[in-house]
Protein chains: 2
Amino acid sequence: MGKGEDTRSKILDAALAQASEGGFESLTIGTLAAHTGLSKSGLFAHFGSREELQIAAIDAAAERFADTVFVPALKAGRGLPRVRAIFEHWLRWTEDSGLAHGCPLHAAAIEFDDRPGPVREHLVARYEILQRNLERAFALAVDAGDLPADSDPGQYAFAALGIVFAYYHAARLLRRPDAADRARAAFDRLLAGAPAPAA
Amino acid sequence: MGKGEDTRSKILDAALAQASEGGFESLTIGTLAAHTGLSKSGLFAHFGSREELQIAAIDAAAERFADTVFVPALKAGRGLPRVRAIFEHWLRWTEDSGLAHGCPLHAAAIEFDDRPGPVREHLVARYEILQRNLERAFALAVDAGDLPADSDPGQYAFAALGIVFAYYHAARLLRRPDAADRARAAFDRLLAGAPAPAA
C-alpha cells in the first residue's frame, strides 16, 4: 500500500467511525477534518467533494462488511452451516470491526431512502450485492437439501435481513440484554419452520 | 380544541412531515419556522427548546401510529384476525397518515440510539409501549388458541417488528415492487410455522 493509499484508508476508517456514531448526515469534509486533525485542503486532495467522501465511506463500509461477514463464512460448509455462520458474523460485525456505534450502512439506508442522487444509487447497488450474496447462500442450502426444495431463497434473505434489523433495534435502541437470543431464536425458527412460500 | 392547541397540532403535523423526510436531525426551531412560515419566536412560545420540539414530535408520531394501527385493529376479533389487522395497518400507516417519506419513529430509532438524553429516553418509552401492545395482541391470539399454547408473545413481537423493518427497507430504499408481498409471506410464515421457541 503506498503512502497515499494508506492515508486514504486511515481517513476512511475515521469517516466510518463518524458515520457509525452520527450518521452520514454528520459526515462533511469539515467535520472529518476536525475529527482527524487533517486539514480540509488535505482531505479535498483525497475526496473532491462531500458526496465523493460519502460514496467512498459507503464503499469502505460495504467492503469491511463483506470481509467480516461473508468471507469468514466461506470456511463453513455450504448449506445451513454457511448460512448460520453468515448470521453469527453479522450479529457481531460492528463490534468485530471496531464500529462501536452501530452499522453505518443501516444508518445510511434510513438517511438516504428519500434523497435521490449518486450516494443513494451507490448505497442501493451495495445493498443489492448484499442481498444477492445472502440469497446465494440460501440457494446453496436449498441445493444441499438443507432447506425444502420448493423454498424461495429471496424470501429467506428478506426474512433474515428483518431479523438483523430487529436485533439492531432491540440491542442498540432498547438495550435489551436478550436481543441476541431473540435474534437467534427467530433465525432458528426461520430455518426450521414451514417451507418459505414462493414469491 | 382551542386556538392555541389547534396551532400546536398544525405545527406538529409540519414537524412530523419534516422528520419523515429529513429525520429528526433536520428538525430545529429554525428549519421548522422556514417550513411553516411561522416566526421562530412564535414557535418558541409553543416549544421552549429544540429538544422539547423533538419530544413533542415523537409523542405526536406515536399517537398517530396508535390511532392508525392499533385502534382500528380493535374492530377485528381477538386472536389472529386482530394480529393480522395490526400488521396490515402497519404496512400502510405512513401512507394512511400522510407521511410520504417514511416512518419518523423508525428514523428516530436510528438517529437517537447513540445519543443519551431526554429525547432518546422518550423514544425508548414509546417503543416499549408499542412492543407491549404488540405482545398483548399476540398473547390474546395464544389465549384464543390461534397460536400454540407454548408460544412466547415477545418472540412473535420481535419477529413481527423485523418483518416491518425489512419491508421499509425493501419498499423505501430498494423500491422493490414485491416488498409488501414479501412482508406478507414472511408474516404468514411466522403465524403458520412451527411454534415460536420460548425465550
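### Focus: the overall build of chain A
For chain A, the helix and strand inventory stands at nine helices and zero strands. Computed over C-alpha atoms, the radius of gyration of chain A comes to 18 Å, within 12% of the 16 Å expected from 2.2 N^0.38 for 199 residues, which places it in the range of a compact globule. A principal-axis box enclosing the C-alpha atoms of chain A has dimensions of 55 × 35 × 30 Å. Considering chain A as a whole, with its 199 residues, one finds that 43% of them fall into the buried category.

### Focus on the nonpolar core
One finds A:Ala160 and B:Ala160 to be the most contacted residues of the largest nonpolar core, which totals 123 residues. Dropping the residues within four chain positions of it, B:Ala160 is found in contact with B:Phe87, B:Leu134, B:Phe187 and B:Leu190.

### Section: the relation of the copies chain A and chain B
The transformation that overlays chain A on chain B combines an axial shift of 0.0 Å with a rotation of 180°, and the residual RMSD is 0.0 Å. Look at the turn and shift together and you get a two-fold axis relating the two. Scanning chain A for the C-alpha nearest the rotation axis identifies A:Gly162, at a separation of 2.1 Å.

### Digging into unusual backbone geometry
Trans is the prevailing form of peptide bonds, just as negative phi is the prevailing case for residues other than glycine. In this structure, A:Arg175 is a non-glycine residue whose phi angle is positive, near 50°. Checked against the element boundaries, A:Arg175 lands in the loop between helix H8 (153-173) and helix H9 (179-192).

### Here we look at the interface of chain A and chain B
With 40 residues of chain A in contact, the opposing surface of chain B contributes 40 residues. Those elements that provide at least two residues to the side of chain A that touches chain B are helix H6 (104-112), helix H7 (118-143), H8 and H9 of chain A. The leading source of residues in the side of chain A that touches chain B is H8(A), at twelve residues. When grouped by side-chain class, the residues that make up the side of chain A that touches chain B number 21 nonpolar, eight polar and eleven charged.

### Comments concerning helix H8 (residues 153-173) of chain B
All names here are of chain B. If you check H8, its first and last C-alpha atoms are 30 Å apart, about what 21 residues at 1.5 Å a residue would give, namely 30 Å. Judged by how many residues are buried, H8 sits mostly within the fold: 21 of 21 residues are covered. The positive-phi residue at the C-terminal boundary of H8 is arginine 175, with phi of around 50°.

### Some remarks on the environment of A:Glu5
All names here are of chain A. Among the structural elements, glutamate 5 can be located in helix H1 (residues 3-22). Overall, glutamate 5 belongs to the exposed group, with 10 C-beta atoms counted inside 10 Å. Considering only alpha carbons, one finds glutamate 5 and histidine 46, 41 residues apart in sequence, at a separation of 9.3 Å.

### A look at the environment of A:Leu130
Residue and element names in this part refer to chain A. Within the secondary structure layout, leucine 130 lies in helix H7. A count of 19 C-beta atoms within 10 Å places leucine 130 in the partly exposed class. With 31 residues separating them in the primary sequence, leucine 130 and leucine 161 have C-alpha atoms 10.0 Å apart.

### Some thoughts on the packing of helix H7 (residues 118-143) of chain B against H8(B)
All names here are of chain B. In the contact formed by H7 and H8, the axes pass within 8 Å of each other and the chain directions differ by 125°. Between H7 and H8, the angle falls in the class oblique. Once H7 is placed against H8, the crossing between them reads as right-handed. Contact residues: H7 offers Gln131, Leu134, Glu135, Phe138, Ala139 and Val142, while H8 offers Pro153, Gly154, Tyr156, Ala157 and Ala160.

### Some points on the environment of B:Leu147
Examined against the element boundaries, B:Leu147 turns out to sit in the loop between H7 and H8. Given 24 C-beta atoms within 10 Å, B:Leu147 falls into the buried group.

### As for the confidence of the model for chain A
Residues and elements named next belong to chain A. On average, residues of chain A score 92 in pLDDT, and 96% of them are at 70 or above. Taken together, the stretch residues 194-199 has pLDDT below 50 and engages in 24 contacts with residues farther than four places along the chain or on a different chain. Predicted complex metrics record ipTM = 0.92 and pTM = 0.93.

### So, the packing of H9(A) against H8(B)
Axis angle and axis distance: for two packed helices, these are the angle between their axes and the distance between the axes, and together they describe the pair. The N-to-C vectors of H9(A) and H8(B) enclose an angle of 80°; their axes lie 10 Å apart at closest approach. Taken together, the axis directions place H9(A) and H8(B) in an arrangement best described as roughly perpendicular. Residue-level contacts link A:Arg182, A:Ala185 and A:Ala186 of H9(A) to B:Gln155, B:Phe158, B:Ala159 and B:Gly162 of H8(B). Across the contact of H9(A) with H8(B), the residue classes tally to four nonpolar, two polar and one charged.

### Considerations on H6(A)
Extensive coverage of H6(A) is indicated by the burial of nine of its nine residues. Residues of H6(A) that are buried include every one of A:Pro104, A:Leu105, A:His106, A:Ala107, A:Ala108, A:Ala109, A:Ile110, A:Glu111 and A:Phe112, and no others. Tucked into the core, H6(A) has its buried residues touching H1, helix H4 (50-73), H7 and H8 of chain A together with helix H6 (104-111) and H8 of chain B.

Criteria and thresholds
- Residues numbered from 1 in each chain as written.
- Chains lettered and ligands numbered in written order.
- Predicted model: local features only at pLDDT ≥ 70, side-chain atom pairs only at ≥ 80, totals over all residues.
- Helix = DSSP H or I, 4+ residues; strand = E, 2+ residues; numbered from the N terminus.
- Rg over C-alpha atoms; globule rule 2.2 N^0.38 Å.
- Buried ≥ 20, exposed ≤ 12 C-beta atoms within 10 Å, placed from the backbone.
- Core = buried A, V, L, I, M, F, W, Y, C linked by C-beta atoms within 7 Å.
- Contact = placed C-beta atoms within 7 Å.
- Least-squares fit on C-alpha atoms with pLDDT ≥ 70 in both.
- Nonpolar A, V, L, I, M, F, W, Y, C, P; charged D, E, K, R; others polar.
- Expected span 1.5 Å × (residues − 1).
- Axes fitted to C-alpha atoms, helices over the stretch in contact; angles between N-to-C directions.
- Parallel < 35°, antiparallel > 145°, perpendicular 65-115°, else oblique.
- Left-handed = near helix turned anticlockwise from the far one by under 90°.
- pLDDT = per-residue confidence, 0-100.

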